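# A structural walkthrough
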Amino acid sequence: MRKWSQKLLNMKYYQGIRAAVSRVKDKGQKALVLDIGTGTGLLSMMAVTAGADFCYAIEVFKPMADAAVKIVEKNGFSDKIKIINKHSTEVTIGPGGDMPCRANILITELFDTELIGEGALPSYEHAHRHLVQENCEAVPHRATVYAQLVESRRMWSWNKLFPVRVQTSLGEQVIVPPLELERCPGAPSVYDIQLNQVSPTDFTVLSDVLPMFSVDFSKQVSSSTASHSRQFEPLASGQAQVVLSWWDIEMDPEGKIKCTMAPFWAHSDPEELQWRDHWMQCVYFLPEEEPVVQGSALCLVAHHDDYCVWYSLQRTRCAPSLIGPEKDGRAHPARPVCDCQAHLLWNRPRFGEINDQNRTDQYVQALRTVLKPDSVCLCVSDGSLLSILAHHLGAEQVFTIENSAASHRLMKKIFKANHLEDKINIIEKRPELLTPADLEGKKVSLLLGEPFFTTSLLPWHNLYFWYVRTAVDRHLAPGAVVMPQAASLHMMVVEFRDLWRIRSPCGDCEGFNVHIMDDMIKHALDFRESKEAEPHPLWEYPCRSLSEPQQILTFDFRQPVPPQAICAEGAIELRRPGRSHGAVLWMEYHLTPDSMVSTGLLKPAEDKGYCCWNPHCKQAVYFFNTTLDPRVPPGGPQTVTYTVEFHPHTGDVTMDFTLSAVTGAHASPSGRP
């Protein structure tokens, strides 16, 4: 259960609200509060407790609005808080309207990692025009966006296709990216990550932390496109590639009550460094990398429209009048849009995966053991370079299935850039519709997959490859080789450093009872038909293993998908003390008997249990409802018993876990996460 927010942030909101109400009261006015996006009603309850005369709390999501009504009533504030189940732009003012008059205090929590990505600017713009008084109090009062220019091969690999090197019997072959990919400005969406988990050795700082622009929420806000320039002198020479960005909010006009999203190296008060999963940090990619010289002045420009932020670098010196929003009438650069197809097909981790040369080398080594000079290969993975590897390693003929128009266009460009358009045949259709004519009457002797499919969310969703193998069975030659030949599902019980907080009940927040929110979420989780895990990139969320990894299911791709379910029951022993927050599950693909690729754990856990996860994949996390207490007296093993089942008719994997104490008596079942 994701907490509304963390205690420190709640405290700062409360401090800001108290101060705002006091300022209004000091003027001899009634304190009338407008709370946009009220959620549980927590901020409105804070306002009434601080002395507000009345609060109008707006919540567009009906289940949340219904819960807020109950929470407000439970806490005894129904006479002072009105929940309005509308979008703020639909709220009416005046006799018979939702509000009799404009409010003089505006309270909101409309922000995301990018600050404006949830529509904060249009909401504030409308509120100032129609719902609040001029020069009203606002909590937060101000937000400031910061940026830092860096060079980072690792982060740049999340945005561009690097040359891929293939060692063959004829020497090194290089798969080059099409010029169109190199020139493409990339996807318009921000990449939000836990920047604290990126090692400082993975990037070189090229600039100081630069305040790019601020928004004063107590005044009229504009959602129009704007640009903000900041002149700086590079701290080092290098390639400008990436902009790291975050923001802070000040709850009061004096800026004494502040909350920042800064990563640890830019945090002014390390003791206030808070873990958050709803507000993280941003990674933006410049349209193209540019060389910079230490000490040679440049301008970093932040552009934004109503929902998005993007950055560019200017060689010209910033005129003093342009330090800030650029003047009206000046053309603002359009939001970057991908025109190469790659950023539409591959997400950021997928770019990183394709650019991982060590991973490519694993596939090359495995291919060498199964390829023959007369091999007829069929590749099945979305936008994969496997077909090119097979060609360079000597396959007689290579076909690749690309069943989406985007992947077909992208692979056609890549093949053309590498002069392979007449060497590799692209088949644009679903695998089950494949005909002998598509394969030019030939039988497939080698079926290849990474496997990777863009629609996959959980690790086992890439078992779609098994269904494809089954669908094309009639096109396989006798004795055909399938690579990978098998897959296995693995599991480990872990203790998370922070991720457990997203399932921590709200309970009481700043003295207000919001248990109804917990009950609503628990009911929603219990209502689900199956017990499910959820995907998380665990390289961003440190954890300790409490058990050894255990293989629980296997899938033999050399045979078609069986009609019956594949089940496993067993127990896993906990070897380290700690809180058993949940089970992590991942897939391992056995390319050949001697070669395996893991989508999860990359190496055995350290002595204290710290884990190294595949950074290109999301792992599955099943949160337990109960946690084993590390203070349970020793004397016997603590275990987690499990039941896991693969359903071939749907491709789903269902699971259940029970935490057992020393005596063998069962703790309460985990139930649904």
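On a predicted model such as this, the values are computed, not experimentally measured, just so you know.

Calculation criteria
- Residues numbered from 1 in each chain as written.
- Predicted model: local features only at pLDDT ≥ 70, side-chain atom pairs only at ≥ 80, totals over all residues.
- Heavy atoms only, no water.
- Helix = DSSP H or I, 4+ residues; strand = E, 2+ residues; numbered from the N terminus.
- Rg over C-alpha atoms; globule rule 2.2 N^0.38 Å.
- Buried < 20%, exposed > 50% of the residue type's maximum accessible area, 1.4 Å probe, protein only.
- Core = buried A, V, L, I, M, F, W, Y, C linked by side-chain atoms within 4.5 Å.
- Pairing = 2+ DSSP bridges.
- Axes fitted to C-alpha atoms, helices over the stretch in contact; angles between N-to-C directions.
- Lys, Arg positive; Asp, Glu negative; His and termini not counted.
- Salt bridge = Lys/Arg side-chain N within 4 Å of Asp/Glu carboxyl O.
- Polar contact = N/O pair within 3.5 Å; in protein donor to acceptor, adjacent residues only side chain to side chain.
- Contact = heavy atoms within 4.5 Å.
- Phe/Tyr/Trp six-rings, centres within 6.5 Å; stacked < 30°, edge-to-face > 60°.
- Lys NZ or Arg CZ within 6 Å of the ring centre and 35° of its normal.
- Domains from an automatic or database assignment.
- Buried area = accessible area lost by both parts, 1.4 Å probe.

Counting secondary structure elements, the chain contains 13 helices and 34 strands. On C-alpha atoms alone, the chain measures out to a radius of gyration of 28 Å, which is about the 26 Å that the 2.2 N^0.38 rule sets for 673 residues. Referenced to the eigenvectors of the C-alpha coordinate spread, the extents of the chain come out at roughly 90 × 70 × 50 Å. Looking at the chain residue by residue over its 673 residues, the buried ones come to 56%.

Another point: the nonpolar core. Residues Leu34, Phe111 and Tyr311 are the most contacted members of the largest nonpolar core, which totals 108 residues. Core analysis: the next-biggest nonpolar cluster, separate from the first, contains 50 residues, Val380, Met491, Val561 and Val640 among them.

Taken together, three strands build an open sheet; the order of strands is S12-S16-S17 and the sheet is antiparallel. One side of each edge strand has no neighbouring strand; the edge strands of this open sheet are strand S12 (226-232) and strand S17 (309-314). Between one strand and the next, the sheet's axes are offset by a mean angle of 20 degrees, whatever the strand orientation. Bridge count for strand S16 (residues 298-304) against S17 is six bridges, and the pairing is antiparallel. By the bridge assignment for S17, histidine 303 is matched with tryptophan 310.

For arginine 348, the position within the fold is in helix H8 (residues 348-354). Comment: no salt bridge for buried arginine 348; closest opposite-charge side chain is aspartate 192, at 8.5 Å. A polar contact is formed between the side chain of arginine 348 and the side chain of asparagine 159, at a distance of 3.2 Å. With sequence-adjacent residues up to four places away left out, arginine 348 is seen in contact with Trp158, Asn159, Ala187, Ser189, Tyr191, Phe285 and His343.

With that settled, consider helix H4 (residues 120-130). Taken across its eleven residues, H4 has eight buried, putting it largely inside the fold. When H4 is considered as a whole, its buried residues turn out to be Ala120, Leu121, Ser123, Tyr124, Glu125, His126, Ala127 and His128. Residues of H4 that are buried make contact with strand S1 (32-36), strand S4 (103-108), strand S5 (132-139), strand S11 (210-216) and S16.

Glancing now at the packing of aromatic side chains. The full count for this structure, using the stated rule, is 27 aromatic pairs. Seen from their ring centres, tyrosine 124 and phenylalanine 217 are 4.3 Å apart, and the 15 degrees between their planes marks the pair as stacked. Residue tyrosine 124 is located in helix H4, and its partner phenylalanine 217 is located in the loop between S11 and S12; the two are separated by 93 residues in the primary sequence. Residue tyrosine 124 is classed as buried on the basis of its relative accessible area, which comes to 1%. On the basis of relative accessible area, phenylalanine 217 is assigned to the buried category, the value being 1%. Look at tryptophan 586 and tryptophan 613: their rings are 5.5 Å apart centre to centre, the planes differ by 75 degrees, and that puts the pair in the edge-to-face class. Pair noted here: tryptophan 586 is in strand S30 (residues 582-592) and tryptophan 613 is in the loop between strand S31 (595-598) and strand S32 (619-623), with a separation of 27 residues, a long-range link. Overall, tryptophan 586 belongs to the buried group, its relative accessible area being 1%. Every member of this aromatic cluster is reached through a ring pair, and the members are Phe111, Tyr124, Phe217, Trp247 and Trp279. A cation over a ring is seen here: arginine 18 above tyrosine 14, with NZ or CZ 3.8 Å from the ring centre. Across from the ring centre of tryptophan 539, 4.6 Å away, lies the NZ or CZ of arginine 154, which sits over that ring.

Turning our attention to the pattern of salt bridges. What the rule picks out here adds up to 24 salt bridges. As a salt-bridge pair, arginine 359 and glutamate 450 come within 2.7 Å of each other at their nearest N and O atoms. Pair noted here: arginine 359 is in helix H9 (residues 357-370) and glutamate 450 is in the loop between strand S21 (444-448) and helix H12 (464-471), with a separation of 91 residues, a long-range link. The salt bridge involving arginine 544 is made with glutamate 495; its shortest N-O contact spans 2.6 Å. With a gap of 49 residues between them, arginine 544 in strand S27 (residues 543-545) and glutamate 495 in strand S23 (residues 486-496) connect regions that are remote in the sequence. Here arginine 544 matches glutamate 495 in class, with each residue buried. Residues participating in the shared-partner salt-bridge network are Arg350, Glu353, Arg359 and Glu450.

One frequent convention defines the size of an interface as the accessible area lost when the parts assemble. Segmentation of the chain into domains returns domain 1 (7-109), domain 2 (143-317), domain 3 (356-482) and domain 4 (486-661). Once you take the C-alpha centre of each, domain 2 and domain 4 turn out to be 33 Å apart. By the criterion of area lost to domain 4, the three top residues of domain 2 are Gln197, Trp275 and Asp277, representing 65% of everything that side buries. At the junction of domain 2 with domain 4, the criterion picks out zero salt bridges.

So, about the environment of lysine 30. Following the sequence through the fold, lysine 30 ends up in the loop between helix H1 (7-26) and S1. Assessed through its relative accessible area of 61%, lysine 30 is described here as exposed. Apart from the residues within four sequence positions on either side, lysine 30 is in contact with Val24, Asp53 and Asn104.

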